[in-house]
Amino acid sequence: MNHTLKQLYSRHRNRKAATLLLLLAVLIGCTPLLVHQLDERFGVSDVARYNNPPPLQKGTPEYWHDVRPLLEQRCTVCHGCYDAPCQQNLTSWDGIARGSNAEQVYTNRLAPAEPSRLFVDAQTPEEWRERGFHPVLNEREDSREANLQGSVMYRILDLKRKNPLPEKNVLNPDIFTFSLSREQTCPTIEKMDAFEKEHAEWGMPYGLPALSDKEFSTMEEWLAAGSPVGKTPALPANIQQQITVWEDFFNGTSLKQKLVSRYIYEHLYLSHIYFDEVLPASNRYFFHLVRSSTPPGEPVDEIATRRPYDDPGSEPFWYRIRFDSGSVVEKTHMPYALNSARMAKWQKWFVDANYTVDSLPSYAPAVAGNPFLAFYALPIDSRYRFLLDDAQFIIDTFIKGPVCRGQVALSVIQDNFWVFFVDPDKMPAKLTNNFLMRESKNLRLPSEDESDAGVLDWLKYSRLQKDYLKAKSTQLGKTFDASNRLTLDLVWNGSGNNDNAALTIFRHSDSASVVKGLVGPPPKTAWLISYALLERIYYLLVAGFDVYGSVGHQLNTRLYMDFLRMEGEANFIALLPLKSRKPTVDSWYRGASNNVKDYIFGDHFDYSAESGVVYHTNQPQQELYKLLAAHIGNNVSQRFSLQKIKDKKIQQQIMRLQKVHGIGIGIFPENSVLRVDDDAGKSHYFTLIHNDSYSNISQLLDNAERRRPAEDTLTVVPGIVGAYPNAFFRVPAGSLAGFVDQLANMQTETDYTVLLDRFGVRRTSPDFWAFSDALQRDYIRNEPVEGGVLDYNRFENR
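Reading guide: rules and limits
Residues numbered from 1 in each chain as written. Predicted model: local features only at pLDDT ≥ 70, side-chain atom pairs only at ≥ 80, totals over all residues. Heavy atoms only, no water. Helix = DSSP H or I, 4+ residues; strand = E, 2+ residues; numbered from the N terminus. Rg over C-alpha atoms; globule rule 2.2 N^0.38 Å. Buried < 20%, exposed > 50% of the residue type's maximum accessible area, 1.4 Å probe, protein only. Contact = heavy atoms within 4.5 Å. Areas by Shrake-Rupley, 256 points an atom, 1.4 Å probe, with all protein chains shown as cover. Salt bridge = Lys/Arg side-chain N within 4 Å of Asp/Glu carboxyl O. Patch = residues over 30% accessible without salt bridge, like charges linked within 9 Å, V, L, I, M, F, W, Y side chains within 5 Å. pLDDT = per-residue confidence, 0-100. Core = buried A, V, L, I, M, F, W, Y, C linked by side-chain atoms within 4.5 Å. Pairing = 2+ DSSP bridges. Axes fitted to C-alpha atoms, helices over the stretch in contact; angles between N-to-C directions. Parallel < 35°, antiparallel > 145°, perpendicular 65-115°, else oblique. Left-handed = near helix turned anticlockwise from the far one by under 90°. Nonpolar A, V, L, I, M, F, W, Y, C, P; charged D, E, K, R; others polar.

Asker: Residue-level account of the overall build of the protein chain, with values.
Answerer: Within the protein chain one finds 29 helices and 12 strands. Compactness check: the protein chain gives a C-alpha radius of gyration of 29 Å against a globular reference of 28 Å for 798 residues, within 12% of the reference. Each of the three principal axes of the protein chain carries a C-alpha extent, and together these read 120 × 65 × 55 Å. The burial tally for the protein chain puts 58% of its 798 residues in the buried class. Taking as baseline every contact in the protein chain between residues at least 6 positions apart, the subset at least 24 positions apart corresponds to 78%. Here the protein chain displays about 33400 Å² of accessible surface, and carbon together with sulfur accounts for 53% of that area.

Quick look at the structure:
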């Protein structure tokens, strides 16, 4: 009897102890226990396992040939940039090995965050672990079971295989969230068991169809073999020769050459350099211009700084051309050609020009962040010609920018506008340079406060901008008077054969695109950009902007960009008749305060000389558009003209589509791809761009209150424009008229659903990937230099 009581007491005590242990585990977290279990099964984690890429094993899938193309088609389409879920970048093997991090890059932070730029801020997986990144590959023992069951990447692909998408058109929003601001769920391998139970529907690709059996098998065998890489494809010898030539140029030893190289580097550091004279365009080798602590001939050791004009901290340092081994993704792809013609121009503008450089500028933010101070010694017309030579690229850098989600800068521009430039030959170089030097104190930019600026610092810059505008209007009054009025001669026409003279900008919510030509119907607004304005926009939004900066830094950037937008609009307004300027500004800024309008035409910028342009109608803005198009002539690119559509029946319907506007368009996606399949089986791709209309865009908040959907328009362009398609449509040529009719008559969300039911390719469609693959192939085939992998992070669930 006593023995039985003792047994019962012992069991009770053990249960009590187990309960306490369980409670303690819940309180302190289960991770250590789970780590121990994994260690028991597969050995202790080795964070240095992938510091050196694993070699290829015979009979296993090869990364470059088998795995990378598959990743681009199924995974990179959502994991290619800063806003990729969990910062998981799958554009390269290095990005896979780096792993994931739940900290969001795009967030309102009180203090700057440490940058986490792939290939820049750390080099090995071990270094990334120290920065808070968690592995998605198995870092324990190298066995098939461990490489699969110890891999987040495998487990999350397998989760989708076991739990395919439900057979319905629209996914349950209570289960699938596609908001860009959604909370990040980034499971580590220790928490995968719990994740699989709680979120069985969240396998990868998230909210899209699963990989095919063949695709899954390729990934499974590659991961099981330890994710081998194989040798990076060797660069062709003639590419290596070009790298040598250009590195010699950038690393000239004279003060003049050092200043020139610094200027060029600060403007090209985001570019995808390519050499178009030595290989056909289909050979997609792209490079970055970087600052390195190692000289040419040695491996590149890139110097990591937040901004391109920050002190490199190493003397000497060298400019190097580093091969970009990652996939080419549309949203970060800004190609820039280096060739003999460009070398000759730079030699003429910068090297052979008659000027001297007595000393190099400081890297102090107040100097380095102000290009009018830092590069005062360089001929101003040379600087401007350098920017205009590939103006689309320069504007692309601040339209795409050093980020992948540009809500800070893009909420300050219209959805659609045209851009023109002041002619460098009409810009008195010495007078302009002296004026900008005198005004350099008023041309200071918020980036001089670096990444931790105060929220109210913009008030200082507002005062500086007002002082600059007063000085500018005074200077214009002296230069252009009744005997020397502003005419179309002030506008750059491309200087012979440059098709960068007229550009079109489209905003797609928090992203945007810039294309050559005057694309689509005449827009509400236009800019005329001078050298001073172009340089300031670049240093505000590109060179000086830090996506990892504080909310104060981002807010000051956004508010200052208001001033620069209005300055570009004011330059354009100055070409209109004096009597029409105020009515034009009032129509552009309905509901805005007079103080805002004064930055364009009023007390802050009071240039009131009559235009020298001769007008014959009572619609001077529309007339000016036509006059400018004629003035630029053949240098207005026709690449996206609807007149180039060869099939006349398709062209007729597409031109009807272009005329659709109003309330119904307000329901339509920001950016969508239309594929028209003709009777011969050929596919024709078009981009449908929804242009939102606002009463004005001068306020930081209350966008919804200023929306004017009845004035929305649709621009249709042949080919692909934009990195983030929101919807796909597939229409047989014989049904194109019906598609246009339905869209034109659309009034409600139900109407849009009916349109999707008939013509849409939803994210749940079984043939989604077939459509996507055909689209991506066609895009790269037709645009071998400019094309890149499109991103589906903003694809709708409707």
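The structure having been displayed, the exposition proceeds.
Asker: Explain the environment of Ile-96 residue by residue, including any values.
Answerer: Tracing the sequence through the fold places Ile-96 in helix 4 (residues 93-98). Along the primary structure Ile-96 and Asp-46 are separated by 50 residues, whereas in three dimensions their C-alpha atoms are 16 Å apart. Ile-96 has contacts with Tyr-63, Leu-71, Gln-88, Asn-89, Leu-90, Val-136, Leu-137, Met-153 and Trp-222, leaving out every residue within four places of it along the chain.

Asker: Provide a residue-level description of the pattern of salt bridges, including the pertinent values.
Answerer: Any two side chains of opposite charge can pair if their charged atoms end up close together. Counted by the stated rule, this structure contains 48 salt bridges. Arg-161 serves as the salt-bridge partner of Asp-158, at 2.6 Å between the closest nitrogen and oxygen. Here Asp-158 and its partner Arg-161 are both found in helix 7 (residues 152-162), 3 residues apart, which amounts to about one turn of the helix. Look at Asp-158 and you get buried, because its relative accessible area is 7%. We classify Arg-161 as partly exposed; its relative accessible area is 44%. A salt bridge links Arg-565 to Glu-569; the shortest N-O distance between them is 3.7 Å. Separated by 4 residues within a single helix, Arg-565 and Glu-569 lie in helix 21 (residues 551-573), roughly one turn from each other.

Asker: Describe a nonpolar patch on the surface, and please don't skip the residues or the numbers.
Answerer: Taken together, the side chains of Leu-373, Tyr-376 and Met-437 make up a nonpolar region of the molecular surface, amounting to roughly 220 Å² of accessible area. Residue placement: Leu-373 occurs in helix 14 (residues 371-374). In this structure Leu-373 comes out as partly exposed when scored by relative accessible area, which is 30%.

Asker: Give me the confidence of the model for the protein chain: which residues, what numbers.
Answerer: On average, residues of the protein chain score 91 in pLDDT, and 95% of them reach the 70 mark or higher. Every residue in residues 1-29 is under pLDDT 50, and counting partners more than four places away or in other chains gives 1 contact.

Asker: Talk me through the nonpolar core; I want residue IDs and the actual numbers.
Answerer: In summary, soluble globular proteins display a tendency toward joint burial of nonpolar side chains. If you look at the biggest cluster of nonpolar residues, it comprises 125 residues, and the most contacted ones within it are Trp-346, Phe-386, Ile-395, Phe-420 and Phe-421. When near neighbours in sequence (up to four residues on either side) are disregarded, Ile-395 contacts Val-419, Phe-421, Leu-503, Ile-505, Val-514, Ile-529 and Leu-534. Judged by nonpolar contacts, the second largest core, of 39 residues, contains Leu-38, Phe-216, Met-219 and Ala-224.

Asker: Let's hear about unusual backbone geometry: which residues, and what values?
Answerer: That bond from Met-204 to Pro-205 is cis: its omega, 5 degrees, falls within 30 degrees of zero. Relative to the assigned elements, Pro-205 resides in the loop between helix 8 (192-198) and helix 9 (213-224). The omega angle of the peptide bond from Glu-315 to Pro-316 is 5 degrees, so this bond is cis rather than trans. Along the chain, Pro-316 turns up in the loop between strand 2 (287-292) and strand 3 (318-323). At Phe-119, a residue that is not glycine, the phi angle is positive and equals roughly 75 degrees. Along the chain, Phe-119 turns up in the loop between helix 4 and helix 5 (125-130).

Asker: For the sheet that holds strand 12 (residues 727-732), give the residues involved together with the corresponding values.
Answerer: Strand order in the open sheet formed by 4 strands is 11-10-9-12, with mixed pairing between adjacent strands. Across the chains shown, the open sheet's two edge strands, defined by having one partner strand only, are strand 11 (713-718) and strand 12. When strand polarity is set aside, the average angle formed by the axes of neighbouring strands in this sheet is 25 degrees. As paired elements, strand 9 (residues 671-677) and strand 10 (residues 683-691) share 7 bridges and run antiparallel to each other. Counted as the bridge partner of Val-673 is Thr-687 from strand 10. Docked against the sheet, helix 25 (residues 648-658) engages strand 9, strand 10 and strand 11, running at close to 150 degrees with respect to strand 11.

Asker: Describe the packing of helix 19 (residues 458-479) against helix 21, and please don't skip the residues or the numbers.
Answerer: One can describe the packing of helix 19 onto helix 21 by two numbers: an axis separation of 9 Å at closest approach and a directional angle of 15 degrees. Taken as axis vectors, helix 19 and helix 21 run roughly parallel relative to one another. Here the hand of the crossing between helix 19 and helix 21 comes out right-handed. The residues of helix 21 that touch helix 19, namely those facing Trp-458, Tyr-461, Ser-462, Gln-465, Tyr-468, Leu-469 and Lys-472, are Asn-556, Leu-559, Tyr-560, Phe-563, Glu-567 and Asn-571. Considering only residue class, the contact of helix 19 with helix 21 consists of 7 nonpolar, 4 polar and 2 charged.

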